[in-house]
There are 2 protein chains.
Amino acid sequence: MDGARDVAAGRPTLRQVAAEAGVSLKTASRVLNGHPHVTEATAARVRQAADRLGFRLNRIARELRSGATSTSVGLIISDLANPFYSRIARGAERVLRAGGLQLVTASTDEDAEQERSLVEELLERRVRALLLVPSAADHGYLAAERGRTPVVFLDRPPVNLDADTVLVDNRAGARAAVAHLLAGGHRRIGLVGDLSRLSTHRERMAGFADAMSDAGITFWQRYVRADSHDAATATRSTAELLAVDPPPTALFTTNNVNTAGALRALADRADPPALVGFDDFDLADVLGITVVGNEPEEMGRIAAEMVVARLAGDHTPARTVVLPTKLVPRGSGER
Amino acid sequence: MDGARDVAAGRPTLRQVAAEAGVSLKTASRVLNGHPHVTEATAARVRQAADRLGFRLNRIARELRSGATSTSVGLIISDLANPFYSRIARGAERVLRAGGLQLVTASTDEDAEQERSLVEELLERRVRALLLVPSAADHGYLAAERGRTPVVFLDRPPVNLDADTVLVDNRAGARAAVAHLLAGGHRRIGLVGDLSRLSTHRERMAGFADAMSDAGITFWQRYVRADSHDAATATRSTAELLAVDPPPTALFTTNNVNTAGALRALADRADPPALVGFDDFDLADVLGITVVGNEPEEMGRIAAEMVVARLAGDHTPARTVVLPTKLVPRGSGER
DNA sequence: TTGAAAGCGCTAACAC
DNA sequence: GTGTTAGCGCTTTCAA
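Basis of the calculations
- Residues numbered from 1 in each chain as written.
- Chains lettered and ligands numbered in written order.
- Predicted model: local features only at pLDDT ≥ 70, side-chain atom pairs only at ≥ 80, totals over all residues.
- Heavy atoms only, no water.
- Helix = DSSP H or I, 4+ residues; strand = E, 2+ residues; numbered from the N terminus.
- Buried < 20%, exposed > 50% of the residue type's maximum accessible area, 1.4 Å probe, protein only.
- Contact = heavy atoms within 4.5 Å.
- Areas by Shrake-Rupley, 256 points an atom, 1.4 Å probe, with all protein chains shown as cover.
- Lys, Arg positive; Asp, Glu negative; His and termini not counted.
- Charge placed at Lys NZ, Arg CZ, Asp CG, Glu CD.
- Domains from an automatic or database assignment.
- Salt bridge = Lys/Arg side-chain N within 4 Å of Asp/Glu carboxyl O.
- Polar contact = N/O pair within 3.5 Å; in protein donor to acceptor, adjacent residues only side chain to side chain.
- Pairing = 2+ DSSP bridges.
- Least-squares fit on C-alpha atoms with pLDDT ≥ 70 in both.
- Phe/Tyr/Trp six-rings, centres within 6.5 Å; stacked < 30°, edge-to-face > 60°.
- Lys NZ or Arg CZ within 6 Å of the ring centre and 35° of its normal.
- Axes fitted to C-alpha atoms, helices over the stretch in contact; angles between N-to-C directions.
- Parallel < 35°, antiparallel > 145°, perpendicular 65-115°, else oblique.
- Left-handed = near helix turned anticlockwise from the far one by under 90°.
- Arc of directions from axis to C-beta.
- Nonpolar A, V, L, I, M, F, W, Y, C, P; charged D, E, K, R; others polar.
- Right-handed = clockwise from strand over helix to strand, strands pointing away.
- Expected span 1.5 Å × (residues − 1).
- UniProt positions renumbered as here; feature names shortened; annotations may be inferred.

Undergrad: What is the right way to read the overall build of chain A from this model?
TA: Broken down by element type, chain A carries 12 helices and 12 strands. Viewed in the frame of its principal axes, chain A has a C-alpha envelope of about 90 × 40 × 30 Å. Per-residue burial for chain A yields a buried fraction of 54% across its 335 residues. Considering only contacts within chain A whose residues lie at least 6 apart along the sequence, 64% involve residues at least 24 apart. On chain A, roughly 13,700 Å² of surface is accessible, and the fraction owed to carbon and sulfur atoms is 52%. One finds the centroid of the 41 positive side-chain charges in chain A at a distance of 6 Å from the centroid of its 42 negative side-chain charges.

Undergrad: Explanation requested: the domain arrangement of chain A in the structure shown.
TA: One widely used convention gives an interface's size as the accessible area the parts lose upon coming together. When the domains of chain A are assigned, the result is domain 1 (14-57), domain 2 (68-167 + 296-323) and domain 3 (170-294 + 327-334). Each of domain 1 of chain A and domain 2 of chain A was reduced to a C-alpha centroid, and the two centroids are 38 Å apart.

Undergrad: Whenever I open this one, the interface of chain B and chain A confuses me. Can you help?
TA: Each side of the interface is counted separately: chain B has 63 residues, and chain A has 63 residues. Our count for the chain B to chain A interface comes out at 22 salt bridges. At the boundary of chain B with chain A, the tally comes to 36 residue pairs in polar contact (both at pLDDT 80 or more). Secondary structure elements with two or more residues in the side of chain B that touches chain A: α4 (59-66), α5 (83-98), β2 (102-107), α6 (112-124), α10 (256-266) and α11 (284-287) of chain B. Two strands pair when backbone bridges link them, and strand β2 (residues 102-107) of chain A and β2 of chain B are joined in this way by 3 bridges, in the antiparallel orientation. Looking at the pairing, Val104 of chain A lines up with Val104 of chain B of β2 of chain B.

Undergrad: How should I be thinking about the relation of the copies chain B and chain A in this particular structure?
TA: Taken together, a rotation about one axis and a shift along it account for how the two chain copies relate. Of the transformation superimposing chain B on chain A, the axial component is 0.1 Å and the angular component is 180°, with the fit at an RMSD of 0.1 Å. Here the two chains are linked by the operation of a two-fold rotation axis. It is Val104 of chain B whose C-alpha, among those of chain B, lies nearest the rotation axis, at 2.2 Å. Comparing interface residues between copies, 100% of those in chain B also lie at the interface in chain A; the contact surface is shared.

Undergrad: Please clarify how the packing of aromatic side chains should be interpreted in this entry.
TA: The relative placement of two aromatic rings is captured by the distance of their centres and the angle of their planes. In this structure the tally under the stated criterion is 4 aromatic pairs over all chains. Their ring planes at 85° and their centres at 5.3 Å tell us that Phe208 of chain A and Trp220 of chain A sit as a pair that is edge-to-face. With a gap of 12 residues between them, Phe208 of chain A in helix α8 (residues 199-214) and Trp220 of chain A in the loop between α8 and β7 (224-225) connect regions that are remote in the sequence. Phe208 of chain A gets classed as buried once you look at its relative accessible area, which sits at 0%. The lysine or arginine in question, Arg116 of chain B, covers the ring of Tyr141 of chain B, its NZ or CZ lying 4.3 Å from the ring centre. If you follow Arg204 of chain B out to its NZ or CZ, it ends over the ring of Phe278 of chain B, 3.8 Å from the centre.

Undergrad: How should I be thinking about the packing of helix α7 (residues 170-183) of chain B against helix α8 (residues 199-214) of chain B in this particular structure?
TA: Think of two packed helices as two axes; the pair is described by the angle between the axes and how far apart they sit. All names here are of chain B. Between α7 and α8, the shortest axis-to-axis distance is 7 Å and the interhelical angle comes to 40°. Taken together, the axis directions place α7 and α8 in an arrangement best described as oblique. For α7 against α8, the interelement crossing comes out right-handed. Of the residues in α8, those touching α7 at Asn170, Arg171, Ala174, Arg175, Val178, Ala179 and Leu182 are Thr200, Glu203, Arg204, Ala206, Gly207, Phe208, Asp210, Ala211, Met212 and Asp214.

Undergrad: What exactly am I supposed to notice about helix α1 (residues 14-21) of chain B here?
TA: Three- or four-residue spacings in an α-helix give side chains the same orientation, since the helix completes a turn every 3.6 residues. Residue and element names in this part refer to chain B. Considered for burial, the residues of α1 that qualify are Val17, Ala18 and Ala21. Seen along its axis, α1 keeps its buried residues to an arc of 100°; they face one direction. In α1, those exposed residues whose orientation departs by more than 90 degrees from the buried face are Arg15 and Ala19. Lining the buried residues of α1 we find α2 (25-32) and α3 (40-53).

Undergrad: Explain the packing of helix α9 (residues 231-243) of chain A against helix α10 (residues 256-266) of chain A to me, please; I cannot follow it from the model alone.
TA: All names here are of chain A. As a packed pair, α9 and α10 sit with axes 7 Å apart at the nearest point and diverge in direction by 50°. In terms of axis orientation, α9 runs oblique to α10. Considering the relative orientation of α9 and α10, their crossing is right-handed. Side by side, α9 and α10 meet where Ala231, Ala234, Thr235, Thr238, Ala239 and Leu242 of the first sit next to Val257, Asn258, Gly261, Ala262, Arg264, Ala265 and Leu266 of the second. Here the residues of the contact of α9 with α10 sort into 8 nonpolar, 4 polar and 1 charged.

Undergrad: Is there a simple way to think about the pairing of strand β6 (residues 189-192) of chain A in this case?
TA: Each regular strand shows side chains that alternate between the opposite faces of the sheet. Residue and element names in this part refer to chain A. Of the two faces of β6, the one carrying Ile189 and Leu191 and the one carrying Gly190 and Val192 are both buried. Where β6 meets β7, 2 bridges bridge the pair, whose relative direction is parallel. Of the residues in β7, the one forming a bridge with Val192 is Arg225. The parallel pair β6 and β7 is bridged by α8, and the resulting crossover is right-handed.

Undergrad: What am I meant to see in the pairing of strand β1 (residues 72-77) of chain B here?
TA: Residues and elements named next belong to chain B. Across the 6 residues of β1, 6 count as buried, placing the element largely inside the fold. The alternating pattern of β1 places Ser72, Gly74 and Ile76 on one face and Val73, Leu75 and Ile77 on the opposite face, and all of these are buried. Each parallel crossover has a hand, and the one from β1 via α5 to β2 is right-handed. Sheet analysis places β1 next to strand β3 (residues 129-132), joined by 4 bridges and oriented parallel. Looking at the pairing, Val73 lines up with Ala129 of β3.

Undergrad: It is not clear to me how the pattern of salt bridges should be interpreted in this structure. Could you clarify?
TA: Counted according to the given criterion, the structure contains 53 salt bridges over all chains. We note a salt bridge from Glu124 of chain A to Arg59 of chain B, for which the minimum N-O separation is 2.8 Å. Placement of the pair is Glu124 of chain A in helix α6 (residues 112-124) and Arg59 of chain B in helix α4, with the two residues belonging to separate chains. Look at Glu124 of chain A and you get buried, because its relative accessible area is 15%. The shortest N-O distance in the salt bridge between Asp280 of chain A and Arg330 of chain A comes to 3.1 Å. With a gap of 50 residues between them, Asp280 of chain A in the loop between β9 (274-278) and α11 (284-287) and Arg330 of chain A in the segment after β12 (326-328) connect regions that are remote in the sequence. Classification of Arg330 of chain A by relative accessible area gives partly exposed; the value is 25%. A single salt-bridge network, built from bridges that share partners, covers Asp79 and Asp109 of chain A together with Arg90, Glu93 and Arg94 of chain B.

Undergrad: Can you help me understand α8 of chain A in this one?
TA: Residue and element names in this part refer to chain A. With 16 residues, α8 should reach 22 Å at 1.5 Å per residue; the first-to-last C-alpha distance of 22 Å fits that figure. Here α8 has its buried residues at Ser199, Thr200, His201, Arg204, Met205, Ala206, Gly207, Phe208, Asp210, Ala211 and Met212. For α8, the elements touching its buried residues are α7 (170-183), β6, β7, β8 (250-253) and β9. Once α8 finishes, Gly216 follows within two positions and takes phi at roughly 75°, a positive value.

Undergrad: Explanation requested: the UniProt feature "domain: HTH lacI-type" (unreviewed entry) in chain A in the structure shown.
TA: Here, the residues flagged by UniProt with the feature "domain: HTH lacI-type" (unreviewed entry) are residues 12-66 of chain A. The span residues 12-66 of chain A is 69% helical and 0% strand by assignment, and the distance between its end C-alpha atoms comes to 20 Å.

Dropping the structure here:
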């Protein structure tokens, strides 16, 4: 019973190549791995045999034996279809690929249970490292991985765990956005926010409060709508805000999806409120939407570089990188 | 020298768990895999030992031995950051995950060499199947995989290979788009197209020619600009077209990226030409852009379902699914 | 109910 | 330059 797996799939093993070429297993291995100390004649025989049989090395077996762990890195995000996250993935992919690593992606839909089972699954699959946009409320469950698998948190910090983290300066960004609206003379500013439990939302909310407080405005609660995690909900929340009496004269939407949703609610208004959105997005320039810009590719890149460094033996304490945001005025925030 | 890999990483092996629990390797394996014929008492001892040691099963080793091949499926696309492809990825991910499979993604940047080396790498890693948006001009190199690894082509058909394929009806979609503009009274219609070598571009080009020919218009070559594969190039191509004398009164942009690029060129025009774009995109509704809509998630879903069926033993001949498009009038195509 | 031995496909030692 | 042996971490006979 030879080669239960590969052979069953009609795939030749190294042993068969060796037999076909009339050499030992080890010699075939040497040739196919480009190791020295083989005559060109034998090498050629082996290569021919491999081609004839359509041989393809089994890296999994190789890695198991050679003690190298796999060359894949897991990326767990909430939704691959959201450009913010797919751009993170892209940024990470570039760096990882350059380091000979492969990206395994998985979406959680903001579900903590899903996050845990995905982490579990990827660790069992022995990914070399994990990039994680967390959804869980606690990451103590990852404590046992310390010193085993590098984990880098993205966009949101870990809870109950000391780990490398790449964040955006949410609070300062939100504060700048709202300050910008206040500077434009607005006083009744509405907020369309993400799920209250997300740290990004809470930080942006805090930045909003900071700016309002700086301006001496205290009664803004009625203009706040949180827990919009999809565009349709954001559209409804926005419509609700506009129906408040008196209505807000400006809006702050706390992420790309909510900005899109709000824009739909404003589309048919003759005199839309001013708008600043957190997160830049495609065509915001054409639409003339003022945003608090950030660079997801950059986040992915930095996180991946942290991973590569850790894998290369960097044992310094966990670092947190906080990326600055940049207010990009494009018209909607200046009306 | 025990456990070169996992042990080096400080990770306990099943053998260590067994030793800790005072049972044999096999018994520990049985317990941790939920196999029957173990007393609850021994089972409990094993589980405690596993918890104490922080044991995590090594699926790679398991799969190697048990003859099961890996549970990952490779997805090779041109650019993960392009929403069209990330939505494909998302659609595929859902189906695969439900089937217990994991998605490994990689971007080619439209480079044929990159495609080949990624395919090679993923096959060596023994992915169970491959989803491929091809960039190469020839796929004969995949012929040897017949009967070994299911391959499903997405968005573009294979060349020199018989394989499952999921396409969009590019020609009919383009024809409908251009017919729509013609019906609006336009005669000088410009086209901003993708790389000429891409089948999608050629098909959409053919649909354009069909419609023009139907309308008895033959001199349209001067209004065609191909080889725009990024938004900036599309913006330039569009500006060039508008500078032709007499300028086109309408534009057909052949994909989402080119549509975005064209919109930038039109942004500051007082009297912009009509526009229909191939591919729907986020906020096209808010911008009022008429498009030939398609559904990338659906493509990913169908392709993944084909993969799942093949893995379940479907040996019927290769199928090609061609998805219809739908013209969505939103204003820009009707002016 | 439990365990010993064999072996997945490959590479690292160490011989020859 | 080439081959033999052992063994990665696990599961699968098959026997006890």
